[in-house]
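Descriptive structure summary
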Amino acid sequence: MMTSADKRIIYLDGAMGTMLQRSGLKMGEKPEVFGMQHPEVVRDIHLRYINAGSDVIYANTFGVNSHKYEGSGYDVSEVITANIKTAKAAADSVSGMKKIRVALDVGPIGELMEPLGTLSFDDAYDCFRQIVTAGEKAGADLVIFETMTDLAEVRAAVLAAKENSSLPVWVTMTFEKTGRTFAGTDPAAMALTLDALGVDAVGVNCSLGPVDLVPMVRSIRERTALPVIVKPNAGLPDPRTGAYAMTPQNFARQMAVYPEMGVYIMGGCCGTQPSFIQALGEAMSAADLSVIESGNTDSFSGVSDNSTESSLRNGVCSAGRVTDLDGFVRVIGERINPTGKKRFQQALREHDMNYIMKCAIDQAEAGADILDINVGLPGADEPSLMTEVVRAVQSVTDLPLQIDSSTPAAIEAGLRAVNGRAIVNSVSADEEKCRQILPIVKKYGACVIGLALKKSGMPKNAQERIENAKMILKMTDEYGIPREDVIIDCLALTVSAQQDQAMETLRAVEYVSRNLKVHCTLGVSNISFGLPMRKMATVSFLTQAMYCGLDLPIVNPNQLEIMDSIASYRALSCQDPSCSAYIARFADRPKETPVQAGVSQASSGTGSSDNPGAGSASGASSPNAPESDSDKRQEDSAIQNAVIRGLPDEVRRQTQILIECKSAMDIIEQDLIPALDKVGERYEKQFIFLPQLINAANAASAGFDLIKNRIAKADGVSVSKGTIILATVEGDIHDIGKNIVKVVLENYGYTVIDLGRDVPPDKVLKTAQEHNVKLIGLSALMTTTLPSMEKTIKVLREAGHPCKVVVGGAVVTKEYAAQIGADFYAKDARETVEAARAVFTDR
Amino acid sequence: MINPEITQLNRDEIYRYLGLQSGSPLMHEEMGNDLRLDEQISRCEQTVLETARIRCVYRILPLSAIVLDAGYSPAAGNVSDSRSYKSVSIVLHGKDIARLLDGCSEAVFMALTLGAELERVLMKQEVTDMSDALVLDICASAAVEAAADDFERKLSAELKSEDKYLTNRFSPGYGDFALSHQRPVLELLNASRAAGITLTPSQLMVPRKSVTAVMGICSDVREKVLGGCGMCPLKSRCSYRSHNLRCYE
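Residues numbered from 1 in each chain as written. Chains lettered and ligands numbered in written order. Predicted model: local features only at pLDDT ≥ 70, side-chain atom pairs only at ≥ 80, totals over all residues. Heavy atoms only, no water.

**Things to note about helix α6 (residues 121-138) of chain A**
Residues and elements named next belong to chain A. Taking 1.5 Å per residue, 18 residues should reach 26 Å; α6 reaches 26 Å between its end C-alpha atoms and fits that length. For α6, every residue scored as buried is listed here: Phe121, Ala124, Tyr125, Cys127, Phe128, Ile131, Val132, Ala134, Gly135 and Ala138. Buried residues belonging to α6 abut α5 (76-93), β3 (101-106), β4 (142-148), α7 (151-164), α16 (382-396) and α17 (408-417). One or two positions beyond α6, positive phi appears at Gly139, with a value near 105°. (Helix = DSSP H or I, 4+ residues; strand = E, 2+ residues; numbered from the N terminus. Expected span 1.5 Å × (residues − 1). Buried < 20%, exposed > 50% of the residue type's maximum accessible area, 1.4 Å probe, protein only. Contact = heavy atoms within 4.5 Å.)

Rendered as structure tokens:
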């Protein structure tokens, strides 16, 4: 007869590495190869853990992957198979007493994923697929991904396991005392994301002792009903001996808090030995385990304990941030969307991710809680654009994302790229649509917006909206998507065209939120289309809708009045405890009102002696003032002065004035570029320094942006002086130099295709051919990556591409540039401009 | 355990990094005249101090656990691991590191990073404002140095009570101490698990604002045996040198 502890607690094993080192593993030697060569040693370790009480043993496969084993002469599958066999032999040798399970143990690949590192999602996926396939074939009972610090890597691992095997999947991540992993993953976000992906158990391992992991485990338990795993270290290692200080009894005593928290899968990590597992068993049989008795969870098949589900906190997340879906108003930012925005469409077509990233940052800073991502552009490859944009946005904000598309392939591409848990926007009340999209939503465990609309036509009243919502809920129920993950969009229509619909929408929102008890969203801005003073109608409708139960409004967070009304609503509806957010938002408001005055004051106040007259000219002129020739000259110097001093607002203002009387090309050629040249001269003469040069370039860019916008609107000719590719070569991740060059080139009127960092030679060639590019700039900062620069040039030349190449970077010299066949060497951004001028002169 | 901290950055060092491109002897004066630049530096310094989360790992090994292979030439390729040696923790190749550890009883291996948080801020800043991004990057570089200095200072104080002294600090990539030591040093320290420092296939550390270093421990105070431009991979094109300046002065 088993004791209650035996029945409920699943004991894992302790450290493998520590044990192997004691058995003769040398520093630098691969433990898994050692295990293949000395199976009897590893088998003995497994047996000692089994005898100490382990129910699950981790095979000696932690560090085997194709990246770590590259050039080792060993085959990944072969090493995994051998070590699984050893573990199985140990497990089987005690069969009859109880079933010992063998876990395929998988650690991090050892390189950081993009965007911080260079490892791509696809690479990581392939790496894990190989491991899992080999492990399952060799007879592992489950796969554990452990000691993970990057949620992106975990997602690649879990998807690889679920798509290529039928093994149960367990995941434990390693947290610091700060409550996050080194890569910034938050335990709540981990739990939400992995529960959504359908793993069978989640938890923590390594880094800290048992007590220190309590807050992270608590946070995980709040978000998921999945079984939770705890496998801590025996404290911290001593810097002289590398030894861990904690005793088995101390360890076990500290572990005793976990059953009370509903945790019943436990073992040890670094520094623990069989004696720790034994002590753990003794401590647990003495502890009161009644709490976990009530659970009914099977960690080997991922059956959750449904009885506690209602108390779980729902939310969507990125790796580092959770936005709760708790009925409080959360703002979904709508700006990443090309519909009706020429400049945005252009950015998508040109893969100008910088523009889109800025758009994301602006919304994040304005207070958005979730960002909607729509990349629907006629003729574009939507799935690949979706992946590109999702990754770009994630690299600069930690907001959860909403994938906005009606194309199943684009939705799946987006969900795959999202490092966290997302919302899908949207399905309509058409069975066919639901059957296409809901399986994808289910697979990734996303939330989904149901549009209360049928292909056959717009709903005419609240009742039709409600019927459509009910139909969608029937479908989501059928696919096993929980109600709390469904968000209904009752459709805000344009009040100037269908005036009676606004109230119908509100009635439907009220019914859906109160009676169907699901979240509500609305594309709020639609309401005021075609009206003057749109924001008045929008804000008024928004406030009424929130009162009716709209909790996830899709709005423009950069519109102050909208965010003000949401802040007010939150305060009035007790969603903002003590009105503290409201007070913080508005405390300084009156002082900020006279924005216009502030700018002109600043520009006239900083007039300098080397640009006489500039200050007064900018202060006195206005767009409506009649202009004599002499006035115009003064305007010219005003804009130049603003560029030189690095004042973007002033440059924008001056450009606005000039654009009324000059062509775009003339402003660029006669004003902006001469100003930049003057700045360049001062930089050459060491009167100013690099940050000031960039400040000037940034200021000029305010003018360029205005001109570009104007041209995009008018569909006019391009003002580009030529297209240049910039790339930091393969293997190199230091791209600040390249980015400085980019800013300066762009502000001289060149179009830059920025391929980023760690760029393979083939990608440079392919882009050069595709866009017929005449000049390519390559940067390398490290001596170790210089060969990649040489290789890139070789690839371009061998393909017979007629481009010129300019190279630069801290370790590049003029001699080296010549030696590797570059056409130009540029020691800084200024010299790159000279190279560009030389190439594009004949234009 | 030693926990390095930084409370402020060396402004002169930041000015020097900023003037790197120009190397103007006048730069201090010029900088001083530009209040906006000074404000920008202060702002970026603040961001670095607020965002940097220093993780540091170190181990002290007896010299008997280290094989010094002075016959190594960096051109010969990768550093082999210690498989062929018995009871050895790490093999270090090169004349310079052998000279550093000559006569020492122990050696300290250290890795520290400012963390992924700051890395993310740097990345975001490059999208929003390149000028701030540059100054921020420079401040972060100064912060890595400052943290390593603080580690050295604290360890030195600890050792002093045992009448032991530190040699100067030396890092892979300098002199003939090849960059390929990065991997065995980080593995010795378990740095990816303990501090979140990983290596790319091209031997670059991620997070980028990280450093590894080796120091000897000996029973007498000694002259700094290594250092100076001779060790530096950038000596052939250094703009300090071209203006008769030294980065370490």
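**Points about the pattern of salt bridges**
Tallying each qualifying case throughout the model produces 53 salt bridges over all chains. The salt bridge involving Glu650 of chain A is made with Arg653 of chain A; its shortest N-O contact spans 3.4 Å. Highlighted residues: Glu650 of chain A and Arg653 of chain A, both in helix α28 (residues 648-658), separated by three residues, approximately one helical turn. Taking relative accessible area as the criterion, Glu650 of chain A reaches 4% and is therefore assigned buried. Several salt bridges share partner residues, and in doing so they unite Asp735, Lys738, Lys742 and Asp754 of chain A together with Glu119 and Arg208 of chain B into one network. (Salt bridge = Lys/Arg side-chain N within 4 Å of Asp/Glu carboxyl O.)

**Details of the sheet that holds strand β14 (residues 420-421) of chain A**
Strands belonging to one sheet form pairs held by backbone hydrogen bonds; the direction of such a pair is parallel or antiparallel. Residues and elements named next belong to chain A. Reading across from one edge, β10-β9-β14 is the order of the three strands in this open sheet, with antiparallel pairing throughout. Since the sheet does not close on itself, it has two edges, and those belong to β10 (322-324) and β14, each with one partner. Note that strand β9 (residues 315-318) and β10 share three bridges and pair antiparallel. Across the sheet, the residue bridging to Gly315 is Asp324, located in β10. Across the face of the sheet, helix α8 (residues 187-197) comes into contact with β9, β10 and β14 while running at roughly 110° to β9. (Pairing = 2+ DSSP bridges. Axes fitted to C-alpha atoms, helices over the stretch in contact; angles between N-to-C directions.)

**Some remarks on the interface of chain B and chain A**
On the side of chain A, 67 residues touch chain B, which itself brings 62 residues to the contact. Of the roughly 5500 Å² buried between chain B and chain A on both sides combined, carbon and sulfur atoms contribute 59%. Taken together, chain B and chain A are joined by eight residue pairs in polar contact (both at pLDDT 80 or more). With eight residues, the single largest contributor to the side of chain B that touches chain A is helix α5 (residues 116-128) of chain B. Taken together, the residues of the side of chain B that touches chain A sort by class into 27 nonpolar, 15 polar and 20 charged. (Buried area = accessible area lost by both parts, 1.4 Å probe. Polar contact = N/O pair within 3.5 Å; in protein donor to acceptor, adjacent residues only side chain to side chain. Nonpolar A, V, L, I, M, F, W, Y, C, P; charged D, E, K, R; others polar.)

**A word on the environment of Val42 of chain A**
Residue and element names in this part refer to chain A. Among the secondary structure elements, Val42 is positioned in helix α4 (residues 39-52). The sequence separation of Val42 and Asn60 amounts to 18 residues, and the corresponding C-alpha distance is 7.6 Å. Excluding anything up to four places from it in sequence, Val42 contacts Met16, Leu20, Gly35, Asn60 and Thr86.

**Observations regarding the packing of aromatic side chains**
Residue and element names in this part refer to chain A. In the structure shown here, the tally under the stated rule is seven aromatic pairs over all chains. Here the aromatic rings of Tyr582 and Phe586 are separated by 4.6 Å at their centres, their planes lie at 45°, and the arrangement is tilted. Taken together, the residues Tyr582 and Phe586, both in helix α23 (residues 580-586) and four residues apart, mark about one turn of the helix. On the accessibility criterion, Tyr582 (32% relative accessible area) is partly exposed. Given the relative accessible area of 18%, Phe586 is considered buried. (Phe/Tyr/Trp six-rings, centres within 6.5 Å; stacked < 30°, edge-to-face > 60°.)

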